Amino acid sequence: MQHRIVVLGAGYTGAIAAGRLARRLRREDVAITLVNAEPDFVERVRMHQLAAGQDLKPRPFSEMFAGTGVELRLAKVTGVHVDRKTVAVIDANGAEELAYDTLVYALGSGWNAQGVPGTAEHAYEIASRPGALRLRERLARLDAGQTVVVVGGGLTGLEAATEIAEACPDLDVALAARGGLGDWLSLKGREHLRKVFGKLGITVHEHAAVVGVEADRVATADGKAIPAAVTVWTTGFAVHPIAEATALEVTGTGQIVVDGTMRSVSYPDVYAVGDAAMVIGPGDKPLRMSCASGGPTAWQAADAIAARLTGGKLPNTPIRYFNQCISLGRKEGLIQYVTADDRAVRAVLTGRLAAVYKELVCKGAAWGVANPTLGLPTRRRRVTWERAAAGSAVKAPA
Ligand SMILES: Cc1cc2nc3c(=O)[nH]c(=O)nc-3n(C[C@H](O)[C@H](O)[C@H](O)COP(=O)(O)OP(=O)(O)OC[C@H]3O[C@@H](n4cnc5c(N)ncnc54)[C@H](O)[C@@H]3O)c2cc1C
């Protein structure tokens, strides 16, 4: 008898959760299947680098999970049936249903066009690898002096604008932000941002809410048109519609509502982590979609599943923010220190040191995926079958 754990999505959080479960539970007792559409790990935090022409290190899952006991299933998830406890997948051989006893949902997110007219037809996105590669190919075909407008003044927009401006100095790069440039940052942070944007020659359109995208321009709410040979859309992420189509309780934006152990509040066999989950963090604020908070949600879910199956103590992984790490090209960066609930404090780290720091954070995140217990010793516990059965039968109160 084996308890079947199916993990959907092998991004930062799904891969971490699968690996950690494999290290927590006895191999004879569990069958852990990790389902992902692509054969290698995509470092989403580097998609702006990929778009700007850099090549990323290939990270095949077959190598990362070799010998871990996690079975990799390369297939696209098309649906989840929480009452039947099955997942519908499709691959080159056709459609199939996978049965689970415990499900970890970690399908992440994609770009968010926010219903702005013309975005889907004309804008480029960097939330996915295909999107980043499409933009990379387009940038390579632009003539000197042509304009690239990055829409969105959040972390991804800042990183994309600076990366493209540094990699393509002959292009005219602009950023359109709904508010002021980096207006959530500390004074020092904002000053540094302006300095770097100035050095890279990036035009900043502040308080410019983009309401329409055309092939050669974007339109702002105050009636202006900003010329744009290429528009890069970075105004936040949207979760995949799969969860919304299930009987799971989700938020208005489609994120799965979970308790403090990342367990669905409506179906106790289902856990959700990363961008796909609505997790309340410090200050009773929802966590933002990020690796910074997603990693701890994966640790928490994996440890809670292991504890419930083995009769161990439920974990209480601290989930809080420490800093916002922003790359500003390859030579510059900004580390904005924050409170536990993500509000900027005065301290910042800037310049080359910040760029190195950010690079180490990205490398560390990828290392964490391949080494889910962060070097801690493996502790494999025996599944207690009564607990496994109880855990999957009991539905949490509404
Ligand atoms: C350019 C960019 C820069 C960023 N920089 C930072 C940063 O500096 N710091 C930070 O904290 N966060 C950053 N983020 C956000 C961060 O990347 C995400 O929050 C993080 O990737 C979420 O992890 P996840 O595991 O929830 O989802 P993902 O990493 O998106 O993983 C989801 C996985 O599910 C797979 N999948 C999706 N749909 C299906 C399907 N139907 N069938 C099968 N498989 C499927 C995908 O292929 C992927 O492997 C950045 C994002 C972008 C785009």
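Description of the structure in this document. None of the values given here were measured: they were computed from a predicted structure.

Procedures and definitions
Residues numbered from 1 in each chain as written. Predicted model: local features only at pLDDT ≥ 70, side-chain atom pairs only at ≥ 80, totals over all residues. Heavy atoms only, no water. Helix = DSSP H or I, 4+ residues; strand = E, 2+ residues; numbered from the N terminus. Rg over C-alpha atoms; globule rule 2.2 N^0.38 Å. Buried < 20%, exposed > 50% of the residue type's maximum accessible area, 1.4 Å probe, protein only. Contact = heavy atoms within 4.5 Å. Areas by Shrake-Rupley, 256 points an atom, 1.4 Å probe, with all protein chains shown as cover. Pairing = 2+ DSSP bridges. Axes fitted to C-alpha atoms, helices over the stretch in contact; angles between N-to-C directions. Core = buried A, V, L, I, M, F, W, Y, C linked by side-chain atoms within 4.5 Å.

**Focus: the overall build of the chain**
When helices and strands are tallied, the chain shows 10 helices and 23 strands. In terms of overall dimensions, the chain is globule-like: its C-alpha atoms have a radius of gyration of 22 Å, near the 21 Å expected for 398 residues. On the principal axes, the C-alpha backbone points of the chain span a range of 65 × 45 × 40 Å. Considering the chain as a whole, with its 398 residues, one finds that 53% of them fall into the buried category. Counting contacts in the chain only where the partners sit at least 6 residues apart, residues at least 24 apart contribute 64% of the total. Of the roughly 17,400 Å² of accessible surface on the chain, 54% is carried by carbon and sulfur atoms.

**Points about the sheet that holds strand E3 (residues 70-74)**
Read across the open sheet, the 5 strands follow the order E3-E2-E1-E7-E19; overall the sheet is parallel. Both edges of this open sheet fall to E3 and strand E19 (270-272), since each of them pairs with a single strand only. For this sheet, the mean inter-axis angle between neighbouring strands, taken without regard to orientation, is 20°. Two strands pair when backbone bridges link them, and strand E7 (residues 102-105) and E19 are joined in this way by 3 bridges, in the parallel orientation.

**Here's the deal with the nonpolar core**
Within the largest apolar cluster, 64 residues are counted, with the highest numbers of intra-cluster contacts made by Ile5, Leu8, Leu21, Val77, Val80 and Tyr105. The residues contacting Ile5, other than those within four sequence positions of it, are Leu21, Leu25, Val30, Ala31, Ile32, Thr33, Thr102, Val104, Ile305 and Leu309. Counting 33 residues, the second-largest nonpolar core is a separate cluster that includes Ala51, Leu142, Ala165 and Leu171.

**A word on the sheet that holds strand E6 (residues 94-99)**
On the basis of which strands lie adjacent, the open sheet formed by 3 strands has the order E4-E5-E6 and antiparallel pairing. Two strands bound the open sheet, and with one partner strand each, they are strand E4 (76-81) and E6. Each strand of the sheet is rotated relative to its neighbour by a mean of 25°, with strand direction disregarded. Across 5 bridges, the pairing between E4 and strand E5 (residues 86-91) is antiparallel. What sits directly across from His81, in E5, is Thr86.

**Quick notes on the side chain of Gln300**
Topologically, Gln300 is positioned in helix H8 (residues 291-310). Classification of Gln300 by relative accessible area gives buried; the value is 2%. In this view, Gln300 contacts Gly260, Thr261, Met262, Pro315, Asn316 and Thr317; residues no more than four positions away in its chain are not counted.

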